[in-house]
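Listed below are the residues making up each chain.
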Amino acid sequence: MQPVYLAGVGMTKFGKDSRALVEILCEAAQQALKETPVVDALYIGAMNPEEFTGDGNIASQVAETLGLTGIPALRIETASSAGAAALMSAFQAIASGYYHHVLVLAGEKMTHLSTSATTRILAEVIDKQERQCGATMPALAAMIAERYRQKFRLSQSRLESMLCAVAQKNPANGSRNPLAQFQKAITRETYLASKYVATPLRLYDCAPITDGAAALILTDQPTDVRLSGIGQGTGPLSLRGRDVFTSFPATRVAAARAFHMAGIAPRHIDFAEIHDAFTPFEIITTEDLGFFLAGKGGEAVLDGKTAFDGPLPINPSGGLKARGHPVGASGLAQVVEVTKRLRGESNGRHFMRGLTQSIGGLGTNNFVTILARTDAPAVHDSATPLPLPVITTAKKQPTQAGVSDEGVIETFTILHVTPDGFLPPLALALVRDQRGALLMAQGEEDSQLKIGQEVYLRQIDGVCLFTVKSQIQKVQHAFRNLLRRWEARAFLKSSRGRAPS
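Notes on the structure in this doc start here. (Residues numbered from 1 in each chain as written. Predicted model: local features only at pLDDT ≥ 70, side-chain atom pairs only at ≥ 80, totals over all residues. Heavy atoms only, no water.)

1. Some words on the state of the cysteines
This is how it is decided: In this description, a disulfide is simply a cysteine sulfur pair whose atoms lie within 2.5 Å. Accessible area is worked out with a 1.4 Å probe on protein chains only. A residue is then buried under 20% of its type maximum, exposed over 50%, and partly exposed in between.
Across all of its chains, the model carries zero disulfides by this definition. With no disulfide of its own, C133 lies closest to C464 among cysteine sulfurs, the gap being 6.7 Å. Overall, C133 belongs to the buried group, its relative accessible area being 0%.

As structure tokens, this is what we get:
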């Protein structure tokens, strides 16, 4: 396999941009092409330009605008990890020897649409049944956060402090990044005063809607930065199709492959750019990458271990939270940020190895990339590889079987920013019914929802609805069951005493 290096890089300022997507992409591309003007191919990562902008065939448009008509050009899509997917495809093309220089581009234009329209488009990458109930990406992320809190026995205030620590850290880092969408630190008071999007997630727990593009050139010609490891993993599309709710096995698979290829362990990474579209995702990902033990990622943030000047800086660029999240671009922008920091082009310490991690959808198509300076000292100690996890999919009942009458809440959220067609506040719960099947259900807003609560279930027009059992309802239900059993015994007794005809 040919070694693969990084040549020129480029990135636009993230935020609201009045230009067309093709223009934004071309600005980033022209920056990267300054050092290597001749390339063999063009790979573009974009999540959904057709719906965001109304334009398709984006690879051909960009090739023509850049004056590169004639070279192979293609677009790659894996939801919000599309930029990382384009990078991996280009890496494979260089490593195989098929190409010598590939221009990798990624971008998205989103800010011209309303929040509800953008939310709807982003929600198209999640499971249809969950979407029909009103679930959005923030809603599902919130349900994961609530399950994390329950699993690791955190109080509401403790989880809030952990999420707030991430929400404060990344904008503070973004204040040092001239290309970041948000360049101002926030206080704890500002965080707590922000509105809930989906409990327990507030506005500052969620990455913003953003325009922007990133670019880089992969080459087989030696430079000062090498792509030393890369991996991809996939997981179940739906939340109800999972056996694990507080980890992303797709990240663990991708990380294991990347670390194995690089021949190092998590302890050899100096800093990382992580997909923090939601603050709990950063915490969970630091655990999935092997940086911290399960349940300890939040404590690491509170202890300052992941701060800009900490022993393992996480998202020193500001991350998706502060740099911005033009969904198709984010995975590639992370690699550009790491490359610049390894080259010493950003203020801060001198680093030798950096890592990026990008999430597609609800952790369903994830990538991990490891970059290293070519003068980085070799690792001589025995690196302990991350174990390759086995991804399992929870068994689902056939659709035609319907749902049982009762179930138990596995996790939940109250959604305050709803997609078109749903009125806030909207209660959503992942419920395990009496047959053991998991399903997403919609209910009446109830601030007293808890994991483990018993609920009644019914289905109307394909949408599952839940009602929390009250104490009176439980007594009434038990009495009805007792009465039915008594009537059944009385019937059997009378049947046995009846003379045969």
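2. Quick word on the pairing of strand 4 (residues 101-108)
To be explicit about the condition: Each helix is a run of H or I in the DSSP string that is no shorter than four residues. Each strand is a run of E no shorter than two, and both are numbered from the N terminus. Between any two strands, at least two bridges found by DSSP are needed for them to pair.
Along strand 4, eight of the eight residues are buried, which leaves the element largely enclosed by surrounding structure. Burial of the side chains of strand 4 extends over both faces: H101, L103, L105 and G107 are buried on one face and V102, V104, A106 and E108 on the other. In this sheet, strand 7 (residues 212-219) lies alongside strand 4 in antiparallel orientation, the contact comprising eight bridges. Its bridge partner lying in strand 7, E108 is registered against G212.

3. Thoughts on the environment of N365
For clarity, the threshold we go by: N or O atoms closer than or at 3.5 Å make up a polar contact, with two conditions inside protein: a donor-capable atom paired with an acceptor-capable one, and, for residues adjacent in sequence, both atoms drawn from side chains.
Relative to the helices and strands, N365 resides in strand 11 (residues 365-373). Sequence-wise, N365 and G235 are 130 residues apart; in three dimensions their C-alpha atoms are separated by 6.6 Å. Side chain to side chain, N365 and Q232 meet in a polar contact 2.7 Å long.

4. Notes on the nonpolar core
The criterion, for reference: In plain words, nonpolar cores are sets of buried Ala, Val, Leu, Ile, Met, Phe, Trp, Tyr and Cys residues tied together by side-chain atoms within 4.5 Å. In this description, contact between two residues means that some pair of their heavy atoms is separated by no more than 4.5 Å.
Counting 47 residues, the largest nonpolar core has L140, L239, F278, F281, L428 and M440 as its most contacted members. Going through the elements one at a time, helix 7 (137-151), helix 8 (156-174), strand 5 (196-198), helix 11 (279-288), strand 13 (426-433), strand 14 (438-443) and strand 16 (463-468) are the ones with two or more residues in this core. Looking at this core element by element, the count peaks at nine residues for helix 7. Setting aside residues up to four positions removed in sequence, M440 forms contacts with Q129, E130, C133, L140, M143, L239, R240, L428, A429, L430 and C464. Counting residues in each nonpolar core, the second largest holds 40 residues, with V102, L179, L227 and A333 among its members.

5. Thoughts on the packing of aromatic side chains
As a reminder of what qualifies: Two aromatic rings from Phe, Tyr or Trp, using only the six-membered ring of Trp, form a pair when their centres are within 6.5 Å; if the ring planes differ by under 30 degrees the pair is stacked, by over 60 it is edge-to-face, and anything between is tilted.
Evaluated as defined, the whole model comprises five aromatic pairs. Residues F248 and F281 carry aromatic rings whose centres are separated by 5.0 Å and whose planes lie at 80° to one another, so their mutual orientation is edge-to-face. Of this pair, F248 sits in the loop between strand 8 (225-234) and helix 10 (249-262) while F281 sits in helix 11, and the two are 33 residues apart along the sequence. What makes F248 buried here is its relative accessible area of 1%. Geometrically, the ring pair formed by F271 and F351 is tilted, given 4.5 Å between the ring centres and 35° between the ring planes.

6. Here we look at the pattern of salt bridges
For clarity, the cut-off: One speaks of a salt bridge when a side-chain nitrogen belonging to Lys or Arg is within 4 Å of a carboxyl oxygen belonging to Asp or Glu.
Taken as a whole, this structure holds 19 salt bridges when the rule is applied. Between R19 and D17 there is a salt bridge whose closest N-O contact spans 2.9 Å. For R19, a relative accessible area of 26% translates into the label partly exposed. Salt-bridge contacts for R19 lead to E27; the nearest nitrogen and oxygen are separated by 2.6 Å. Through salt bridges that share partners, D17, R19 and E27 make up one connected network.

7. Here's the deal with the environment of G235
One can find G235 in the loop between strand 8 and helix 10. Along the sequence, G235 and N366 sit 131 residues apart, while their C-alpha atoms lie 8.5 Å from each other.

8. Some words on unusual backbone geometry
That bond from T199 to P200 is cis: its omega, 5°, falls within 30 degrees of zero. Checked against the element boundaries, P200 lands in the loop between strand 5 and strand 6 (201-202). Omega for the bond connecting P424 with P425 falls within 30 degrees of zero, at -10°, which places this linkage in the cis form. In this fold, P425 is placed in the loop between strand 12 (406-415) and strand 13.

9. Some thoughts on the packing of helix 8 against helix 11
For any two helices packed against each other, the geometry comes down to the angle between their axes and how far apart the axes lie. Selection criterion: In this analysis an axis means a line fitted to C-alpha atoms, helices contributing only their contacting stretch, and an angle means the value between N-to-C directions, from 0 to 180 degrees. To sort the angles, those under 35 degrees are grouped as roughly parallel, those over 145 as roughly antiparallel, those from 65 to 115 as roughly perpendicular, and the leftovers as oblique. By the convention adopted, Pro, Cys, Tyr, Trp, Phe, Met, Ile, Leu, Val and Ala count as nonpolar, Lys, Arg, Asp and Glu as charged, and the other residues, Gly among them, as polar.
One can describe the packing of helix 8 onto helix 11 by two numbers: an axis separation of 8 Å at closest approach and a directional angle of 100°. As far as their axial angle goes, helix 11 and helix 8 are roughly perpendicular. Residues M162, L163, V166, A167, K169 and N170 of helix 8 touch helix 11, and the partners they reach there are T279, P280, E282 and I283. Among the residues forming the contact of helix 8 with helix 11, the class breakdown is six nonpolar, two polar and two charged.

10. Side note on the side chain of D205
Condition: In this tally, Lys and Arg are treated as positive and Asp and Glu as negative; His is ignored, and so are the chain termini.
Here D205 shows up in the loop between strand 6 and strand 7. Here D205 is buried and forms no salt bridge, its nearest opposite-charge partner R202 lying at an N-O distance of 5.6 Å. Here the side chain of D205 touches T279 through a polar contact of 2.7 Å, side chain to side chain.

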